[in-house]
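Structural description and commentary
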Amino acid sequence: MESLLHDVRYELRSLRSSPAFALVAVITLALGIGANTAIFSVVNAVLLRPLPYKDPDRLMVLRETKLPQFPEFSISPGNYLDWQRQNSAFERVAASRGYAYNLVGKGEPQRLRGARVTSNLFDTLGVQPALGRTFRQEEDQPEHGQVVILSHGLWQRLFGGEVSVLNSVLNFGGQMFTVIGVMPPGFQFPNDDVDLWTPLAFTPREQQSHGAHYLEAVARLKRGISTRQAQAEMSTIAGRLSRQFPDSNAGWDVRVVPMLEYMVRDVKPALIVLLGAVGLVLLIACANVANLQLARASVRGREIALRAALGAGRWRIVRQLLTESFMLSVVGAASGLLLAWTGLRALLALAPAGLPRLGDVWIDGFVVMFSAAIALLTGVLFGIVPALHASRTQLVDTLKEGGRGQGGGENTHRVRGFLVVAEVALALVLLVGAGLLLKSFYRLNEVDPGFKAKGAIAVSIYLPPTKYSEDSKREKFYTELLQRLRNLPGVQAVGATHVLPFDDDYILGFVIQGRPPYQPGEEPNTNYYAVSPDYFRSMGIRLLRGRTFTEYDRKDGPRVALINETMARRYFPGEDPIGKKIHVTNGPVTFREIVGIVGDVKHYGLDSESPAQTYEPYTQQPATYMVIVIRCSGDPASLGGAVRAQVLAIDKEQPVASIRPLEEIVRTSVSRQRFAAVLLGIFACLALILAAVGIYGVMAYSVSRRTHEMGIRMALGAQQHDVLRLVIGQGMLTALVGLAVGIGASLALTRAISSLLFKVQATDPVIFASVTLLLAGIAFAACYVPARRAIRVDPIVALRYE
């Protein structure tokens, strides 16, 4: 221990005598370790940290599936109840569905996001309330379901955290609910923005429904039961229900997925790619510091030789040099941890809104241990090669040489050349990956969504079903609101829809009049929209043929429909769909005449194909929830106050749920792709800078050690351009080897990000060529600058060098 402390004190003095070397090494390591720590903190929170529930590994998400149309789908109430009764693999099976509540009587009316859940949900998750109790089984009935549990956040906002909240009564659009409990801080289920929970309370009609899919289900495995066993049993039950209810269940199966795996399924590939990318940045940083260490070791050659001559063994010298490496890595790790802590806010600001468990991202003890492990690893990575190399010092030659030579000998030159090759190769891999993702993101933003997002806002409104239980009341409210909004200054068009693209979906089966009936389970499906006549104008959706809706397409008039181009092409090939009649299966058999064909709209994202789409007049089937789309000539965001005033003028208890620019909705739909592309681009730029610095450092040091040689060459008649060509050629040869290795590695590794690409090949020749030329140009500049400086030295001065 005493000798180790002696080594530490000695290296501290040594580093103080070389502050530039220490500063560059620490900054380089801090960048690499800081980037790794920041990304790992996200990966840890999202992918690795257990869910905050009792025995989370036994929690499963159940989804219905019908291939190839629906790889996963929500669940019907009838199927959920049958699963609950017939399974033997789960302790409990619980269900939930998102719901909106209009709170009145607490100041200005406000819309709250909630969830209706079965009474056993909280027991299934293993979560107890912070205050009060959860639902009783008898409260999960329509006549007894007027109770509510608040989230911790809503409790603080509405009641200031008062314990007297229990037994308080809240007015949700004319329905009175009694507060029975408050959940603990941080509990959010099934989404991150849930304010409250009420009993699901199936009606008798819902209990018999096997065709309407709108539930989410979570289940807890019995001890000793595996996911595979549960999957086999649920598939057996699904097959039995398919035979029992062929009209609604034919072709449907069940998927059993661990809850954590289900939550992160969309973001896991991108996070793993980003973690791999920062790992490459760290390797480049280690290669840079290792090159610095080699240069420093060659300068310290006489010192090391003297220590060996005085009796220091090889291991003693290696330990001495490794002590310096570990000291640098510890300081670099501490600086990197500080950098990660300050940069995490910027990272979270870039993160997509839909990133699961975003609120759980912080630098905890596990992340600090990760940083410590990185410090230990980097200390070995960049320290062991220089230490071993320096410990093989030839005493007599070094002491005779007096420090003059070519960078510590031919072996040192080869090792440093190998490190440059590694830096160039790693940088090329990162730059290619970033280039592919950025090009993919550019292509994605070029996609036409099928509507004009600029200059329009979407206003969401939920009418309470008790207050607006009749179709006529809902139609009257929305008709009056649309008329009021049309009269606002600057408004060009106002339309309404019960489903907005990129926001939600409503999928129904359909039949075509005069066609043979489909076999059970083989019926085609269409995305269904109930819209107002001006919806297509307000959205900027093109009419291709026929007409759109008018004010005469009312409930008491002929039933009509519009379809999109994809539906016309897919289900009416070689014929004119206009005049044909279809029945969309959302009620009694009612055939509607197709009166027009409109352009395709990207409903599920810019990177997905447009589904078959059917539009019907909302007045023929008014919904409680509608999105009002307002297009105006000025800034649409300035209409927010006027829109709210018009809603309150019709119903003083009706809040506006949200007001969002259509451009924001489109941007949000590509936020995950933007997150991956921007971060990988940042890491690639960092890698490029480190690689450029590394190449320049090696070349500058190599040229400085060859000044004597250059003087001899020029004294013997060599021209400056000959020496310049020789030096640049040797440097570029090393860089070209790195480029070749990097191209080979990129061809193998970029396939890992192929699932993140849109209309871009993982072997895109333009990206590969551009990145290769960029790195070759930087390598040339890094070789040219020090070589040009060296050949300007007078040959006489060069011959006297050292």
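This report concerns the structure included in the present document. Being a predicted model, the structure only gives us computed values, none of them experimental.

1. Describing the packing of helix α3 (residues 77-86) against helix α7 (residues 227-244)
Interaxial distance between α3 and α7 falls to 11 Å at its minimum, and their mutual angle equals 125°. What the angle tells us is that α3 and α7 run oblique. For the pair α3 and α7, the crossing hand works out as right-handed. In this structure, α3 contributes Asn79, Asp82, Trp83 and Gln86 to the contact, and α7 contributes Met234, Ile237, Arg240 and Leu241. Class assignment of the residues belonging to the contact of α3 with α7 gives a composition of four nonpolar, two polar and two charged.

2. As for the pairing of strand β9 (residues 196-199)
Taking every second residue as pointing to the same face, both faces of β9 are buried, with Leu196 and Thr198 on one and Trp197 and Pro199 on the other. Bridge count between strand β4 (residues 110-117) and β9: four bridges; the pairing is parallel. What sits directly across from Arg116, in β9, is Thr198. For strand β6 (residues 147-150) and β9, the ladder comprises two bridges, and the chain directions are antiparallel. Its bridge partner being in β9, Ile149 is matched across the sheet by Trp197.

3. A short note on the packing of aromatic side chains
Under the counting rule described, the total for this entry stands at 27 aromatic pairs. With centroids separated by 3.8 Å and ring planes inclined at 10°, the aromatic side chains of Phe40 and Phe370 adopt a geometry described as stacked. Of this pair, Phe40 sits in helix α2 (residues 19-48) while Phe370 sits in helix α13 (residues 365-391); the two residues are 330 residues apart in sequence, bridging distant segments of the chain. Of the residues examined, Phe40 reaches a relative accessible area of 7% and is grouped as buried.

4. As for the packing of helix α16 (residues 471-486) against helix α19 (residues 640-650)
Contact geometry of α16 with α19 gives a least axis separation of 10 Å together with a crossing angle of 140°. Classified by the angle between their axes, α16 and α19 sit oblique to one another. The two elements α16 and α19 meet at a crossing, and its hand is right-handed. Contact residues: Phe477, Glu480, Leu481, Arg484 and Leu485 in α16; Val643, Gln646, Val647, Ala649 and Ile650 in α19. Grouping the amino acids of the contact of α16 with α19 by side-chain chemistry returns seven nonpolar, one polar and two charged.

5. Some remarks on the environment of Val424
Along the chain, Val424 falls in helix α15 (residues 410-446). Taking the C-alpha atoms as reference points, Val424 and Ile695, 271 residues apart in sequence, are found 8.3 Å from one another.

6. Here we look at the environment of Arg667
Mapped onto the elements, Arg667 comes out in helix α20 (residues 662-669). Separated by 214 residues in sequence, Arg667 and Ala453 have C-alpha atoms that sit 10.0 Å apart.

7. Some points on unusual backbone geometry
In this model, Leu67 is joined to Pro68 through a cis peptide bond whose omega is 0°. By the element assignment, Pro68 lies in the loop between β1 (59-66) and β2 (70-73). With omega at 5°, the peptide bond leading from Phe189 into Pro190 counts as cis. Along the chain, the position of Pro190 falls in the loop between β8 (175-182) and β9.

8. A word on the environment of Ser755
Note on placement: Ser755 falls in the loop between α23 (720-749) and α24 (765-791). Since its relative accessible area comes to 58%, Ser755 is described here as exposed. Separated by 486 residues in sequence, Ser755 and Pro269 place their C-alpha atoms 8.2 Å apart.

9. What about the side chain of Ser532?
Counting through the fold element by element, Ser532 comes out in the loop between β15 (525-531) and α17 (535-539). The exposure class assigned to Ser532 is buried, which follows from its relative accessible area of 0%. Contacts of Ser532, omitting those with residues within four sequence positions, involve Leu482, Val494, Gly495, Ala496 and Tyr618.

Reading guide: rules and limits
Residues numbered from 1 in each chain as written. Predicted model: local features only at pLDDT ≥ 70, side-chain atom pairs only at ≥ 80, totals over all residues. Heavy atoms only, no water. Axes fitted to C-alpha atoms, helices over the stretch in contact; angles between N-to-C directions. Helix = DSSP H or I, 4+ residues; strand = E, 2+ residues; numbered from the N terminus. Parallel < 35°, antiparallel > 145°, perpendicular 65-115°, else oblique. Left-handed = near helix turned anticlockwise from the far one by under 90°. Contact = heavy atoms within 4.5 Å. Nonpolar A, V, L, I, M, F, W, Y, C, P; charged D, E, K, R; others polar. Buried < 20%, exposed > 50% of the residue type's maximum accessible area, 1.4 Å probe, protein only. Pairing = 2+ DSSP bridges. Phe/Tyr/Trp six-rings, centres within 6.5 Å; stacked < 30°, edge-to-face > 60°.

Honestly, it's all geometry; don't read function into it.
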